[in-house]
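Observations on the model geometry
Each chain, letter by letter, is given below.
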Amino acid sequence: MLDIFLSAETLSSTIRMSVPLIFACLAGLWSERSGIVDIGLEGKMLAAAFTAAAAGAYFQSPWIALLLAIGVSILFSLVHGYASINQRGNQVVSGVAINMLAAGLAVVLGNEWFKEGGRTPPLPPEAQFPIFHMPGFDAVQSIPLVGPYINILSGHSVLVYLAFLLVPLTAWALAKTRFGLRLRAVGENPHAVDTAGISVAKLRYQAVIIAGILCGFAGTYLSVALQGSFVRDMSAGRGFMALAALIFANWRAWPSMWACLLFGYLQAVGLRMQGFKIGDVEIPVQFINMLPYVMTVVLLAGFIGKSIPPRASGIPYTKDR
Amino acid sequence: MSQRGDLPTWVDVGLIPLLNLLLALAAASVVFLLINENPIECLGIMIKGAVGSLKGWSYLLYYATNFIFTGLCVAVAFHAGLFNIGGEGQAYFAGLGAAIVGLNLEFLPWPIVIPLSIIASVLFGAFWGLVPGYLQAKRGSHIVITTIMFNFIASSLMVYLINYWFRPIGKMAVESREVTGAYILSFREIARQFFDYKYPASPLNLTVFLAFFVAWAVWYFLWRTKLGYEIRAVGLNQDAAVYAGIKPQRIIMIAMAVSGGLAGLVAVNEVLGAQHRLLLEYVQGAGFVGIAVALMGRNHPIGIVLAAMLFGLLYQGGTELSFAKQHINRDMVVVIQGLIILFMGALENAFRPYLTALFFKADD
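In what follows, the accompanying structure is described. (Residues numbered from 1 in each chain as written. Chains lettered and ligands numbered in written order. Predicted model: local features only at pLDDT ≥ 70, side-chain atom pairs only at ≥ 80, totals over all residues.)

1. Some points on the overall build of chain B
When its secondary structure is counted, chain B shows 15 helices and 0 strands. Taking 364 residues into account, the globule formula puts the C-alpha radius of gyration at 21 Å, and chain B, at 21 Å, falls close to it. Counting only C-alpha atoms and orienting by the principal axes, one finds that chain B spans roughly 75 × 55 × 40 Å. Looking at chain B residue by residue over its 364 residues, the buried ones come to 54%. Relative to all contacts within chain B whose residues are 6 or more apart in sequence, the contacts with residues 24 or more apart total 76%. (Helix = DSSP H or I, 4+ residues; strand = E, 2+ residues; numbered from the N terminus. Rg over C-alpha atoms; globule rule 2.2 N^0.38 Å. Buried ≥ 20, exposed ≤ 12 C-beta atoms within 10 Å, placed from the backbone. Contact = placed C-beta atoms within 7 Å.)

2. Let's talk about the overall build of chain A
Of regular secondary structure, chain A possesses 14 helices and 4 strands. For a compact globule of 321 residues, the expected C-alpha radius of gyration is about 20 Å, and chain A comes in at 20 Å, within 12% of that figure. Judged by the C-alpha coordinates and their principal axes, chain A covers about 65 × 50 × 45 Å.

3. With respect to the interface of chain B and chain A
Facing 42 residues of chain B, the contacting portion of chain A comprises 39 residues. The leading source of residues in the side of chain B that touches chain A is helix H6 (residues 143-166) of chain B, at 11 residues.

4. Observations regarding unusual backbone geometry
Its identity as a non-glycine residue notwithstanding, Trp251 of chain A has a phi of 60°, on the positive side. Mapped onto the elements of the fold, Trp251 of chain A is located in the loop between helix H12 (238-248) and helix H13 (253-272). Since 21 C-beta atoms lie within 10 Å of it, Trp251 of chain A is described here as buried. The phi dihedral of His276 of chain B is positive, around 60°, even though this residue is not glycine. The buried category is assigned to His276 of chain B, around which 21 C-beta atoms lie within 10 Å.

5. Looking at the packing of helix H2 (residues 8-33) of chain A against helix H11 (residues 200-227) of chain A
Residues and elements named next belong to chain A. Remark: H2 packs on H11, axes separated minimally by 7 Å, with the N-to-C direction vectors making an angle of 170°. With respect to H11, the axis of H2 lies roughly antiparallel. Across the interface between the two elements, Arg16, Val19, Pro20, Phe23, Ala24, Leu26, Ala27, Gly28, Trp30 and Ser31 of H2 pack against Ala207, Val208, Ile210, Ala211, Leu214, Cys215, Phe217, Ala218, Tyr221, Leu222 and Leu226 of H11. Taken together, the residues that form the contact of H2 with H11 break down as 18 nonpolar, 2 polar and 1 charged. (Axes fitted to C-alpha atoms, helices over the stretch in contact; angles between N-to-C directions. Parallel < 35°, antiparallel > 145°, perpendicular 65-115°, else oblique. Nonpolar A, V, L, I, M, F, W, Y, C, P; charged D, E, K, R; others polar.)

6. Examining the environment of Gly110 of chain A
Residue and element names in this part refer to chain A. Tracing the backbone shows Gly110 in helix H5 (residues 91-114). Note on Gly110: 23 C-beta atoms within 10 Å, which makes it buried. Counting along the chain gives 57 residues from Gly110 to Ala53, while the straight-line C-alpha distance between them is 9.8 Å. Filtering out sequence-adjacent residues up to four positions away, Gly110 remains in contact with Phe50, Ala54, Gly118, Arg119, Thr120 and Phe230.

7. Here's the deal with the environment of Leu355 of chain B
Residues and elements named next belong to chain B. For Leu355, the location among the structural elements is in helix H15 (residues 352-363). Among the residues examined, Leu355 registers 19 C-beta atoms within 10 Å and is labelled partly exposed. In this view, Leu355 contacts Leu7, Val11 and Ile16; residues no more than four positions away in its chain are not counted.

8. Some details on helix H4 (residues 87-104) of chain B
Here H4 of chain B contains 18 residues, and its C-alpha end-to-end distance of 26 Å stays within 8% of the 26 Å for a straight helix at 1.5 Å per residue. Most of H4 of chain B is tucked away: 16 of the 18 residues are buried. (Expected span 1.5 Å × (residues − 1).)

9. Description of the environment of Leu161 of chain B
Residue and element names in this part refer to chain B. Residue position: Leu161 is located in helix H6. For Leu161, a count of 20 C-beta atoms within 10 Å gives the class buried. When residues no more than four places from it in sequence are discounted, the contact partners of Leu161 are Leu96 and Phe166.

10. Here's the deal with the packing of helix H4 (residues 62-86) of chain A against H5 of chain A
Axes are the key here: two packed helices are described by the angle between their axes and the distance separating the axes. Residue and element names in this part refer to chain A. In contact at an axis separation of 9 Å, H4 and H5 are set at 155° when each is read in the N-to-C sense. As summarised for this structure, H4 and H5 are arranged roughly antiparallel, according to the angle between their axes. Classified by chirality, the crossing of H5 by H4 is right-handed. In this structure, H4 contributes Phe76, Val79, His80, Ala83 and Ser84 to the contact, and H5 contributes Gln91, Ser94, Gly95, Ile98 and Ala102. (Left-handed = near helix turned anticlockwise from the far one by under 90°.)

Spelled out as structure tokens, the structure:
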């Protein structure tokens, strides 16, 4: 029992499971802080996951895969940006369209290119991201009791470390840089920003492009590093969990990370609970699969205090009013 | 800046949606070209497969039955200012109601058990919509995220229930036993039994008439009853509704329950009418199609019926296309659906400024 909830393997898996959530959650953070609601995180992540797996299988290089995945993800965010910024369309509807488009395109194109019903071939080790070992951590492993726990910080894909580095970077950029302050202002009061002679549209486009890049990382990590290939609908609601984490974290970077780690932990526990028994009764695997979704609902239901979104989020900006 | 209402009505509800649809189809053509296919030829196969025969029409109407229900589901929520993406889960969960009543009360005569099963479907669907509605109204949870989560929860829950509750012992296929009491006849069976006519095999059943009736009923409900008025008032302006003595929280919950109940009627078409058993994943994306149908139908029942038939054409055509061209996946339909939502929903005003300019020029 304790083995499932507190073992070093579970915690290590927690870190890995939370990485796509952290990338996606930060993507949502950038976008929503500028006033653009992004329901399409899921779709962009899925599109990136497919592109990365397909490109990885073709070019046998994780870096080309990452680059192309980011490119495709940015393309989708530009569509979202055009619909929300230029056309002043409904941002939630645009996000839903992007999710559907990505899910359909990945399977149609994947089936055409690889003839495996939308799957991509498993990636060989050459197409994998390098693993980073913390210097000196081999010795740590032998320390009794705490050794394995300290060691969970070492030996992950480089993208894992990038995700955790991006958290302080985002927090700092949004709080201390001129760009970050303007971006937040545009999400709270675009009219004021406009009056100051700064382009609202340009700032919002920059924000959605950053969101695109981050979703590119999320998807690439999901298919290349975590799974080793693409299967249909593999994002499995992670984009929405990331949004829930964002709300839970009240649109701030550090709390976002903790929320994503919590969701990652639930997924990790779920993975290890397959076939888990209480006494003689086996807990059906379906209930374990349900756990992260149920927890999302419970957390969103505000048993954690009220969260306040950026004031202008979801409202298209019109100059002449 | 162009305002809505500047343009004549026929442009607003006819020309603009048509132009947007053409744009979506143009984008879909690009996808066909990407997989080395001739878009015109593919479109031809789809249209011929759907409306070129009585069988094609039957399938079209069978799909349209589901889409009318889910389109109305999305529309009722939209009128209350809510975006219900949970039609899929609500329809799936409703299958539970249809199956519980249909399988356990089959000793009753059909005129009793069929209405009871229909009511159970609606109630189960309504419950699955009401919970997110409650969470939105009372706890401020984002309805979009909650309904999506409820789709995932329903999906896992139903796998469990069908597997452990409904599957007869010793049977391999993960499905319930056949519903015999609440058995809604198909067109084929009716033609054979009552008219001695050989109607082509299709899942089209009497539920299609229920769909048209419900479309009318939703129109009556939204535009001719007090509750419908209150729903629309809350959707248009919540603050103004409060001053009119309407309680938005109550209306949000009612709207979500009605919305979920409408999605629940998909279970009638599928579990009682087409499959006669509870199957895994039997909704097959109809809940998501409802979003596109509602957007395209401008949230009005007449528009929704027409849009549902168009999507019926798309689905039946897509099936025929995947038969004719082995390498084209059926998910092509999902791509077209996404494009339609994009161009008819998020980019719906793309042509408006140009058309407004055009019409004002003509007036001068």
